[in-house]
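Geometric and topological summary
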Amino acid sequence: MTIKPLLRRALLLAALSTAAFGAHADTLDKIRADKKIRVSIDLAVPPSGMTDASMKPTGSDYDVAVLLAKDLGVALEVVPTVGATRIPNLQTGKADVIISTLAWTPERAKVIDYSVPYAPQISLVGGIKSIDVKSMADLAGKSVAVNRSTTQDTDLTQNAKGATVVRYDDDAGVITAVVTGQADLVGTSNALFQTMKEKAPNRQLEQKFVLRVNDLGIGVRKDDPQLLAWVNTWVKANHANGKLNEIFKKYHGAEIPTDVVEKWVK
């Protein structure tokens, strides 16, 4: 099935969902009434979230949030976060949605809802060239740095038997540890690992193995059916018109594969 029929079907389903829940005043109604959407974004995860030379927010997640707010016809308020506080920000009402490299996991899906994925993320283990690591089993007896409460933390904690998982409170801490030599192995995203390699070419960092390819979704509270329906339709429409691909390519240097997009919006 092509993108256009999929999009038409998505719009119809969203309309039906909105009608079904019309009597329920949820976050979407409040966002429109307040003319503002509060989006939780980690601004220390380049190139997804970061600040420029003028300390203004930028990055692919930020641009996605800007586009979403524009299409909703409301102002954007960034709620700064780190990996561990993304979901609490949503659950406590500090944020309306999460757009912050939020990979789908069964555990997270129990407490929040995810939109259709808006981008992919490669999760990997990397480190200095002199350490021979090709699999989880090779991590036994070694220390691996991670950002606390990320999918890398979960994957390594559950599967790297005999390894010591060293947790930092944000990605900036992980980057500093690797760049300065405090950590020789790291579990992180491909984008962040490229940043580490650029910052410390003398460390001879290399990818060891891929942990997983994550689907990144927009996080929504469980009791927000109207908002989730609107966001899903919006994501599918912006895959179809190429705007999400443009953002991804601008910051990550590659296009979202067409077959991946079609899988997400079928």
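Keep in mind the model is a prediction, meaning the values are calculated, not measured.

Quick look at helix α7 (residues 171-180) now. What α7 keeps buried is the set D171, V174, I175, A177 and V178. Seen end-on, α7 carries its buried residues on one side only, within an arc spanning 160°. Tucked inside the fold, the buried residues of α7 contact β8 (143-147), β9 (164-168), β10 (185-189), α8 (190-199) and β11 (205-216). Where α7 begins, the capping side chain belongs to D170, and its oxygen is found 3.3 Å from the backbone nitrogen of A172.

Per the stated rule, a full pass over the model turns up one cavity of 30 Å³ or more. Put simply, the largest cavity is a space of about 140 Å³. Lining the largest cavity are 17 residues, with T101, Q121, T150, Q152 and D171 positioned closest to its centre. Among the secondary structure elements, those contributing two or more residues to the lining of the largest cavity are α6 (151-159) and β10. Of the residues belonging to the lining of the largest cavity, the class tally is three nonpolar, ten polar and four charged.

Further remarks concern the side chain of Q152. Residue placement: Q152 occurs in helix α6. Not counting the four nearest positions on each side in its chain, Q152 is found in contact with Q121, S123, V146, G187, T188, S189 and L211.

With that settled, consider the layout of surface pockets. Computed from the structure, the largest pocket encloses a volume of approximately 610 Å³. Lining the largest pocket are 36 residues; nearest its centre among them are P120, N190, A191, F248 and H252. Contributing elements (two or more residues each) for the lining of the largest pocket: α3 (60-72), β7 (119-128), α8, β11, α10 (243-252) and α11 (258-265). When residues in the lining of the largest pocket are grouped by element, the largest group, seven residues, is from α8.

Following both chains from N to C, one finds α3 and helix α9 (residues 225-240) inclined at 110°, their axes separated by 12 Å at the closest point. Considered as vectors, α3 and α9 are oriented roughly perpendicular to each other. In this structure, α3 meets α9 at a crossing whose hand is right-handed. Every residue of α9 that contacts α3 at V64, L67, L68, D71 and L72 is listed here: W230, W234 and N238.

On to helix α2 (residues 27-34). Here α2 has its buried residues at T27, L28 and I31. The arc that holds every buried residue of α2, seen down its axis, measures 100°, which confines them to one face. Contact partners of the buried residues in α2: β1 (36-41), α3, β12 (219-221) and α9. Where α2 begins, the capping side chain belongs to D26, and its oxygen is found 3.1 Å from the backbone nitrogen of L28. Positioned one or two residues after α2, K35 has a phi angle of 55°, which is positive.

Within the structure shown, the criterion is met by one aromatic pair. Arranged with centres 6.4 Å apart and planes meeting at 15°, the rings of W230 and W234 form a pair that is stacked. Within this pair, W230 and its partner W234 are both found in helix α9, separated by four residues, close to a single helical turn.

The rules behind these values
- Residues numbered from 1 in each chain as written.
- Predicted model: local features only at pLDDT ≥ 70, side-chain atom pairs only at ≥ 80, totals over all residues.
- Heavy atoms only, no water.
- Buried < 20%, exposed > 50% of the residue type's maximum accessible area, 1.4 Å probe, protein only.
- Helix = DSSP H or I, 4+ residues; strand = E, 2+ residues; numbered from the N terminus.
- Arc of directions from axis to C-beta.
- Contact = heavy atoms within 4.5 Å.
- Polar contact = N/O pair within 3.5 Å; in protein donor to acceptor, adjacent residues only side chain to side chain.
- 1 Å grid on protein atoms, 1.4 Å probe; cavity = no way out; pocket = protein on both sides within 12 Å on 5 of 7 lines; lining within 4 Å.
- Points joined across faces, edges and corners; volume = space filled by probe spheres on them.
- Nonpolar A, V, L, I, M, F, W, Y, C, P; charged D, E, K, R; others polar.
- Axes fitted to C-alpha atoms, helices over the stretch in contact; angles between N-to-C directions.
- Parallel < 35°, antiparallel > 145°, perpendicular 65-115°, else oblique.
- Left-handed = near helix turned anticlockwise from the far one by under 90°.
- Phe/Tyr/Trp six-rings, centres within 6.5 Å; stacked < 30°, edge-to-face > 60°.

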